[in-house]
Amino acid sequence: MSQPPTDILIIGAGPIGLAHAWGLKKLNPHLNIKILEKYPTYQRKHVLNMKPASLEALMKVVDAMKDPQLSSLLKKLKKRRYIRTSELESIFKKCVFEQGVEIVYEEVNEQNIQYYLLKYQPKLVIGADGTHSVVNKALFPKGNQIKLE
């Protein structure tokens, strides 16, 4: 039996990749979203200075102001804007699993990215694989990249 077509393939299941998957799935529950991630356990534990307004804006856009996990996080951030990336990843991982997003633990690199693109045939690829992005290096020439903070 063949798998349903993948609408969106996200490479990287850190906080950014997970937040994208969650938000897109909330906006359109019928999307088939897959995330490829090389580590089953999040590897980073540095601290972020996160603006509560950013989380609140995301929650409003996807009509999730009453989500208990994110409401709790928002309340916490309004008191203190610092959060460990591993804690943020854990919260968003719960959210994506509740939405039915699949995380596949496979390492994507420049040598095998074409394999995954052929395997999943996504309509959209989101590179959320960090500063030294494999997606950027493999799919976009140097002169065709715009990086935003």
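Residues numbered from 1 in each chain as written. Predicted model: local features only at pLDDT ≥ 70, side-chain atom pairs only at ≥ 80, totals over all residues. Heavy atoms only, no water.

1. Points about the sheet that holds strand β5 (residues 102-105)
Reasoning step 1: Reading across from one edge, β5-β2-β1-β6 is the order of the four strands in this open sheet, with parallel pairing throughout. The open sheet has two edge strands, β5 and β6 (124-127), and neither has a second partner. Sheet twist, expressed as the average angle between the axes of neighbouring strands with direction ignored, equals 20°.
Reasoning step 2: Bridge analysis of strand β2 (residues 33-37) against β5 gives four bridges, and the strand direction is parallel. Looking across to β5, one finds that E37 is bridged to Y105. (Pairing = 2+ DSSP bridges. Helix = DSSP H or I, 4+ residues; strand = E, 2+ residues; numbered from the N terminus. Axes fitted to C-alpha atoms, helices over the stretch in contact; angles between N-to-C directions.)

2. A closer look at the pattern of salt bridges
Reasoning step 1: Inspection of every chain in the model, using the stated rule, returns five salt bridges.
Reasoning step 2: The salt bridge partner of K34 is E102, with a shortest N-O separation of 2.9 Å. With K34 in strand β2 and E102 in strand β5, this residue pair connects regions lying 68 residues apart in the sequence.
Reasoning step 3: When its relative accessible area of 5% is taken as the criterion, K34 is described as buried.
Reasoning step 4: With a relative accessible area of 38%, E102 lands in the partly exposed category.
Reasoning step 5: E56 is paired through a salt bridge with K78; the nearest N and O atoms lie 3.7 Å apart. Pair noted here: E56 is in helix α2 (residues 52-61) and K78 is in helix α3 (residues 68-79), with a separation of 22 residues, a long-range link. (Salt bridge = Lys/Arg side-chain N within 4 Å of Asp/Glu carboxyl O. Buried < 20%, exposed > 50% of the residue type's maximum accessible area, 1.4 Å probe, protein only.)

3. Here's the deal with the packing of α2 against α3
Reasoning step 1: α3 packs onto α2 with a crossing angle of 155° between their chain directions and a minimal axis gap of 9 Å. The angle between the axes of α2 and α3 places the two elements in the roughly antiparallel class. Like other packed secondary-structure pairs, α2 and α3 cross with a definite hand, here left-handed. Side by side, α2 and α3 meet where P52, L55, E56 and M59 of the first sit next to L70, S71, L73, L74, L77 and K78 of the second.
Reasoning step 2: In the contact of α2 with α3, the residues fall into seven nonpolar, one polar and two charged. (Parallel < 35°, antiparallel > 145°, perpendicular 65-115°, else oblique. Left-handed = near helix turned anticlockwise from the far one by under 90°. Contact = heavy atoms within 4.5 Å. Nonpolar A, V, L, I, M, F, W, Y, C, P; charged D, E, K, R; others polar.)

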